[in-house]
Structures are given as C-alpha cells and as structure tokens.
Amino acid sequence: MSKEGRKPSNSESMTLENTSTDYQQSAISQSPYQEEEIAEPGLNDDTSSSRSRTLPGDREKPDDDKIPDGGYGWAIVVGAFVMVVTSYGTSVMQDYYDRTMFGDTIPDSQLQLSFVGTFCLIFANCMGPIAQILRSMWGTRIVLLIGTFLIAIGLIIAGFSNQIWHLYLTQGILFGTGVSLMYVTIMAVAPQYFDRRRGLAIGIIASGSGIGGLIMPFIMTPLNRSLGAGWTYRVVGFICLGCDLLACLLVKDRNPLPKERKKISDIIKLDVFKNKNFCIWIAGACIQMFGYYIPYFFLPSYATWLGLSDSEGSSLVAVSSAINFVGRILSGVLADRFGLVNVNTVFLIVSGLSTLLIWTFAYSYGTLMAYAVIFGCFSGSYFSVVAPITAEILGMERFPTGLSVVLISNVISVFGPNIASAIDGAGGSEPYFSYKMFAGVAYIIGAIIMIWLKFSLNRKVFVKV
C-alpha cells in the first residue's frame, strides 16, 4: 500500500466466480430434475428420494426425438466452458486504481471503488429474467451476441477510464449485464442435449468458474505490471471477445425455439411469500451471503498491507477459488447423505469460526493460506443447496418463481463489502478488523437462521433435513 495503515480497498483479484450468479449452476444441475411422484412441498425425512433425469417437458417428446445424451452437446459444453472461464475469472482491479490513481485525490476512494464490483454483481444477478424475455423474442444466438458485445465493449472501454463513475458504467453495468445474458442463455440450452450425462455436462461447464478464478489473476497481474490497467482491460476484453464468439458459434437450440414473448409476471409470482419456511430460507440465504464476498474482495489488499507481494495476495484468492469449487461438490454429496439444511448449517459454522478465529489473527502468508483453504472449502455451500432447498420447500411447480425471488433478494448481500468498508472507515480499530468481524458474524447469524429453518421443517434434532 502506498500509505501506512490506510483504509483497505477492494481486491484487484475479486472474481465474478464468487457471485451469486452461481445460483444458476445449481438451478440447472440439480433442481430441475423432476421427481416421478412429487411430494407435498416441505422437507420430509425422505427428501433424498431418487430423482429421474428428466427435465419438465422432456416427457412430452416422442420416442423418435430422444435426447442424444452427448453428440453435438459436447460442442455446446466446450463453448460454454470457455465463456465461463474468461468472464467469471475477470478481475476487478480496484486495489490498483486506489493505490495509483484515486487514493490520493478522492476522499473515501476505497468505498467508492467498491461499488464497481457491487454494480457488476447486481447486474449479473438481476438480468436473468430480462435474458429469458429477450430469448423468447429474438432467439438464442441474438441474445448471445448481445451479451458478447456488452462484455467486450465494457472491458475495452474500462481501459480508458479516468473517473470512478466510468468504471461503474463499463465494468459494472455493461460487463455485468453481458455476463448475465450469456450465462443464463447458455444454461437454458446445454441441458437440451443430455439426459443421463446431464449432471456431468453441467458440472464441466460450472467448473469453468473455478478454473477462471484460478488462472485469470495470474494473467492479469503480470499484464498490469508491464502494460498498466488500461491495456490489461483491453487485452482481457479481446480475450473474452474471442472466447465468447466461439460460444456464439457453437451454442444453438436442439429444437426450434417457439417465438413467445414472456412477461415479468410469468417469471415472478409473489404468492410464494405466504410460505413461512420460504421466508425463513430467504433471510438465511441473504445473511450468509453478506459474509461470502468480503474475504474474496479484501484478502489480497490485506496481504499487501502486511507487506506481502501482490502475487502472494493473488495466489490467496486463486487457491481459495479452486478449493471453493471442490467444496461445492463436497457439500452437494454430503447433503444427499445428511440433509440439505443440516450440511449448509455445518458449513456456515465452520466458515464463520475460521474467519473469526483464523483470519483475525493471521499476520503471515502461511496462516493466510490456511485460512484461504478452509474458507474456500466451506464458504460456498449456498451455491450447491440454494436450488434444491427452494424446490423442496415450495415444490417443483413454484420452484422457478422461488429461485428468482431468492436471487433478487440476495442482491442486498452484494452490499456487504460496502457496508464493511463504511464501518471500517468510521471506526478506530486496526485496518481490516471490521471486515473480519463483519464476515464472521454474518456467517454465524446465517447458521442460526438455518437452525431455525431446520426446526421449523422438522423438530427432531438428528433427522435428515
């Protein structure tokens, strides 16, 4: 850091991989598989009953239109994978801008710069319904091309930014909207080509976010050192353009898409709020996500504040991102065995305690890396359970509405880093102490709410919920 003991800024290595857009991975890979006999909404002791590998609507297809379970579908997977790697691995270089451009000229530059990532997360999360409407009007390829253009132009123009609000418009709004249009559309197409291997295909696509979070920081950091932030954004913009155009060429609907314009009212139905357990679940999901983004935003800048190199700071996020992907798979496997709510609660407790007891006292690279591994493994269980918990509470008929409502409500949680920055700026404690406390307490409160949900669904202590 350029100033001793300055207020912390957001990480230049925070990736979109750690955003709530990851809910869509769970929605496609787990929840839409419809059960042969749908039980009453609510979690019962036998909620892990076997599911067929059939999406709603597949049963209506004649035998001669059998799902290929591969074939050209693997080309779809390749196109989707490269899009996810580049778009969800692209860093927000707020730490660099604070140290070199805005830190000495703009008061509270850290807080203002933190809204770049916030806007990006909001638009990446909230434009899903718009993507569905546009796809129903213009078709898949047009929406993919629009998303490709917004991603590329957002990053390229961001390279010319000399004011913070320029970054709001470019990497925040344009880039975030493009990512949402691309990802939601691709995830609507890919399952059309798979039946028994559908989970494998979607898992490969989803793994791109972990791979992107692992490799992209190591691409952008050397570029930033040698060429500066402007040319780094432009180079990455052209990389995304090439990969996304490949996705546009490869991704296509297996069957012609009917031209049928959808309305927001067809996607969002507010009667789901009459379900008490669903309201508890929304509160628990929102609170736990308040703490999720903070370590990924601030671990690298905390490392540089301690005197570590920027490469060491980037490696913390890269390792945590890679382990986070493994942790999501692990939480899904354990949830099938021990219950969705139970596993999510345990993972939240471990995440909160590791933040409060390890990060708080971490002043060396080894300790920070240990925290990055533990937090990365346990912090992302939300993305594995959000879809199945929503489906089990509401039933499959109201699942799409419920998932959209959970996603939109969780937009509030992306302001967690901003709130933590404001608290840290107003307090007189050691730099980053407020971040550690805010993230840890958010996870513990989230765990308490999930325990409330568990006993609301079933009052037995050791039952699978």
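Above: the structure in question.
Owing to the predicted nature of the structure, the values given are computational and were not obtained by experimental measurement.

Peer 1: Would you mind going over the packing of helix α5 (residues 128-138) against helix α6 (residues 140-158) with me for this structure?
Peer 2: Two numbers describe a pair of packed helices, the interaxial angle and the distance between the axes. Put simply, α5 and α6 touch, their axes get as near as 7 Å, and they point 130° apart. One finds that α5 runs oblique with respect to α6. Contact with α5, carried on its side by Leu134, Arg135 and Trp138, involves Thr140, Ile142, Val143 and Ile146 of α6 and no other residues of that element. For the contact of α5 with α6, a count of residues per class yields 5 nonpolar, 1 polar and 1 charged.

Peer 1: Just checking my understanding: could you explain the pattern of salt bridges for this structure?
Peer 2: Here the idea is simple: oppositely charged side chains can pair when their charged atoms come close. Applying the stated rule across the entire model yields 2 salt bridges. One salt bridge connects Asp253 with Arg135, and the closest N-O pair in it is separated by 2.7 Å. Here Asp253 is found in the loop between α9 (229-250) and α10 (264-267), whereas its partner Arg135 is found in helix α5, with 118 residues between them in sequence. Residue classification places Asp253 among the buried positions, given a relative accessible area of 18%. Among the ionic pairs, Arg225 bridges to Asp310, the shortest N-O distance being 2.5 Å. Of this pair, Arg225 sits in helix α8 (residues 198-227) while Asp310 is found in helix α12 (residues 310-338), placing the two residues 85 residues apart along the sequence. On the accessibility criterion, Asp310 (25% relative accessible area) is partly exposed.

Peer 1: Is there a simple way to think about the environment of Leu340 in this case?
Peer 2: Take Leu340: it is sitting in helix α13 (residues 340-357). In this structure Leu340 comes out as buried when scored by relative accessible area, which is 10%. Through-space distance from the C-alpha of Leu340 to that of Lys454 is 9.6 Å; in sequence the pair is 114 residues apart. Other than its neighbours up to four places away in sequence, Leu340 contacts Ala335, Val385, Pro388, Ile389, Glu392 and Val465.

Peer 1: Quick question: what am I supposed to make of the nonpolar core here?
Peer 2: Across soluble globular proteins, nonpolar side chains show a tendency to be buried alongside one another. Core analysis: the largest hydrophobic core is formed by 59 residues, its most contacted members being Phe278, Trp281 and Trp359. At the level of secondary structure, the elements contributing two or more residues to this core comprise α4 (109-126), α11 (276-305), α12, α13, α14 (365-378), α15 (381-394), α16 (399-409) and α18 (433-457). At 16 residues, the largest contribution of residues to this core is made by α11. Trp359 has contacts with Ile294, Pro295, Leu299, Tyr302, Ser354, Leu368, Tyr371, Tyr435 and Lys436, leaving out every residue within four places of it along the chain.

Definitions and limits used
Residues numbered from 1 in each chain as written. Predicted model: local features only at pLDDT ≥ 70, side-chain atom pairs only at ≥ 80, totals over all residues. Heavy atoms only, no water. Axes fitted to C-alpha atoms, helices over the stretch in contact; angles between N-to-C directions. Helix = DSSP H or I, 4+ residues; strand = E, 2+ residues; numbered from the N terminus. Parallel < 35°, antiparallel > 145°, perpendicular 65-115°, else oblique. Contact = heavy atoms within 4.5 Å. Nonpolar A, V, L, I, M, F, W, Y, C, P; charged D, E, K, R; others polar. Salt bridge = Lys/Arg side-chain N within 4 Å of Asp/Glu carboxyl O. Buried < 20%, exposed > 50% of the residue type's maximum accessible area, 1.4 Å probe, protein only. Core = buried A, V, L, I, M, F, W, Y, C linked by side-chain atoms within 4.5 Å.

Treat this as a map of the structure, not an account of what it does.
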